[in-house]
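Report on the structure
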Amino acid sequence: MSARIIDGKSFAATLRDRVGTEVSRLKDSYGVTPGLAVVLVGEDPASQVYVRNKGKQTLEAGMHSVEHRLAAETTEADLLDLIDSLNADPAIHGILVQLPLPGHLNSDLVINAIDPAKDVDGFHISNVGLLGTGQKAMVPCTPLGCILMLRDLHGDLSGMEAVVVGRSNIVGKPMANLLLGESCTVTIAHSRTRDLAETCRRADILVAAVGRPEMIPGDWVKPGATVIDVGINRIAAPEKGQNDDGSAKTRLVGDVDFASASAVAGAITPVPGGVGPMTIACLLANTVTAACRIHGLPEPEGLAI
Ligand code: NDP
């Protein structure tokens, strides 16, 4: 069997179009322009790329976009002051503090200083609690993207066996909560799970969020299962030759061994081009959702859970 490839790129493009339509509706019907503020502390190169892409896509969707780039040595007090001012700014409906923060800053303290209504990353403890108790929350972007793709593929997920490999606060745990909300029977596996292969083989839906290149081989996948590969790992690719400086070229792979898993699965997300593109699209969707909730306006279908 050869799996259906779940095209996250095209799914994300469709979601961004929907967001753009909703932004126009909010502007035209209510005079509300959803606004997203992204805060970056320090010069981490990967974070700079993410922040640039977020700003670009926010503007392309017709939203108001603000970027705050702060020096690596910014004090906690100054960062908290900035968050206070964004919390109070009526033009801002979403606040995202790019993680990781430099070591002298307490991430939990900073994230929990964001107004939960503007917490478009869904990491504030109130949103974690709301999601965990099955209430309306701001949902973390990556797991939200996975669920939107799974709903599109399967419709009703009720009763399916779901296995999530990874128990991080940003992917594994919210993913498991969302699957539970869809009435799946959910197992969360992690580094201490006794028989990971056997656990994975139970899954009708297998979500890999581990951060280990191609760790899950095809013979851990139940025939016909849907595989959602969240992992983004950069590995050496000698077959692509060398860079000008003599270093080996690299390529991105997921946590699942795509070649063997796609021969067994019913559907699978590729890396790149699967879950990754959905994350920023869901950030835009969350900003629209936040704007609707803050202004007490009807929420569009399909952008939130
Ligand atoms: P973390 O490092 O925070 O968590 C990894 C999880 O994997 C932990 O729960 C860990 O278990 C578990 N784990 C590690 N080794 C094993 C093993 N050998 N067997 C079983 N479980 C194991 O990672 P994140 O959740 O932040 O990210 C996971 C992956 O997803 C990364 O590749 C990351 O780059 C990617 N990612 C992709 C995004 C996207 O937009 N597509 C967004 C966010 C992340 P334990 O808790 O026991 O240590």
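Above this text sits the structure in question.
The notes below deal with the structure included here. (Residues numbered from 1 in each chain as written. Predicted model: local features only at pLDDT ≥ 70, side-chain atom pairs only at ≥ 80, totals over all residues. Heavy atoms only, no water.)

1. Structural notes on the overall build of the protein chain
- If you tally the helices and strands in the protein chain, you get 10 helices and 11 strands.
- Expected size for 305 residues packed as a compact globule is a radius of gyration near 19 Å; at 20 Å, the protein chain falls within 12% of this value.
- Seen through its C-alpha atoms, the protein chain measures out along the principal axes to roughly 55 × 50 × 35 Å.
- For the protein chain, the residues scored as buried account for 47% of the 305 residues in total.
- When contacts within the protein chain are restricted to residue pairs at least 6 apart in sequence, long-range pairs at least 24 apart make up 67% of them.
- Here the protein chain has roughly 13700 Å² of accessible surface; of this, 52% comes from carbon and sulfur atoms. (Helix = DSSP H or I, 4+ residues; strand = E, 2+ residues; numbered from the N terminus. Rg over C-alpha atoms; globule rule 2.2 N^0.38 Å. Buried < 20%, exposed > 50% of the residue type's maximum accessible area, 1.4 Å probe, protein only. Contact = heavy atoms within 4.5 Å. Areas by Shrake-Rupley, 256 points an atom, 1.4 Å probe, with all protein chains shown as cover.)

2. Side note on the sheet that holds strand β3 (residues 64-70)
- Pairing in this open sheet of 3 strands is parallel, and the strands run β3-β2-β4 from one edge to the other. Unpaired on one side and paired on the other, β3 and β4 (94-97) mark the two borders of the sheet. Going from strand to strand, the sheet's axes swing by 15° on average, the running direction of each strand aside.
- Relative to β4, strand β2 (residues 35-41) runs parallel, the two sharing 4 bridges. Each bridged residue has a counterpart across the sheet, and for Val38 the counterpart in β4 is Leu96.
- In the packing of helix α3 (residues 76-88) onto the sheet, contacts are made with β2, β3 and β4, and the angle to β2 comes to roughly 175°. (Pairing = 2+ DSSP bridges. Axes fitted to C-alpha atoms, helices over the stretch in contact; angles between N-to-C directions.)

3. Focus: the site of the ligand
- Taken together, 21 residues are adjacent to the ligand, and Arg167, Ser168, Ser191, Arg212 and Thr279 come closest.
- Contact between the ligand and Arg167: an oxygen atom at 2.7 Å from a side-chain N or O atom of the residue.
- Contact between the ligand and Ser191: an oxygen atom at 2.5 Å from a side-chain N or O atom of the residue.
- Protein chains shield 70% of the accessible area of the ligand, which is 930 Å² for the free molecule.
- Of the residues assigned to the shell around the ligand, the class counts are 9 nonpolar, 10 polar and 2 charged. (Near = heavy atom within 4 Å. Polar contact = N/O pair within 3.5 Å; in protein donor to acceptor, adjacent residues only side chain to side chain. Nonpolar A, V, L, I, M, F, W, Y, C, P; charged D, E, K, R; others polar.)

4. A look at the environment of Gly172
- Counting through the fold element by element, Gly172 comes out in helix α7 (residues 172-181).
- When its relative accessible area of 0% is taken as the criterion, Gly172 is described as buried.
- For the pair Gly172 and Thr74, spaced 98 residues apart in sequence, the C-alpha to C-alpha distance is 31 Å.
- Discounting chain neighbours no more than four positions away, the residues touching Gly172 are Val164, Gly166 and Arg167.

5. A word on the pattern of salt bridges
- Scanning all chains against the criterion turns up 10 salt bridges.
- Between Lys136 and Glu299 there is a salt bridge whose closest N-O contact spans 3.2 Å. With Lys136 in the loop between α5 (125-132) and α6 (141-154) and Glu299 in the segment after α10 (276-295), this pair connects stretches of sequence that are 163 residues apart.
- Accessibility expressed as a relative area gives 55% for Lys136, which makes it exposed.
- Owing to a relative accessible area of 28%, Glu299 belongs among the partly exposed residues under this scheme. (Salt bridge = Lys/Arg side-chain N within 4 Å of Asp/Glu carboxyl O.)

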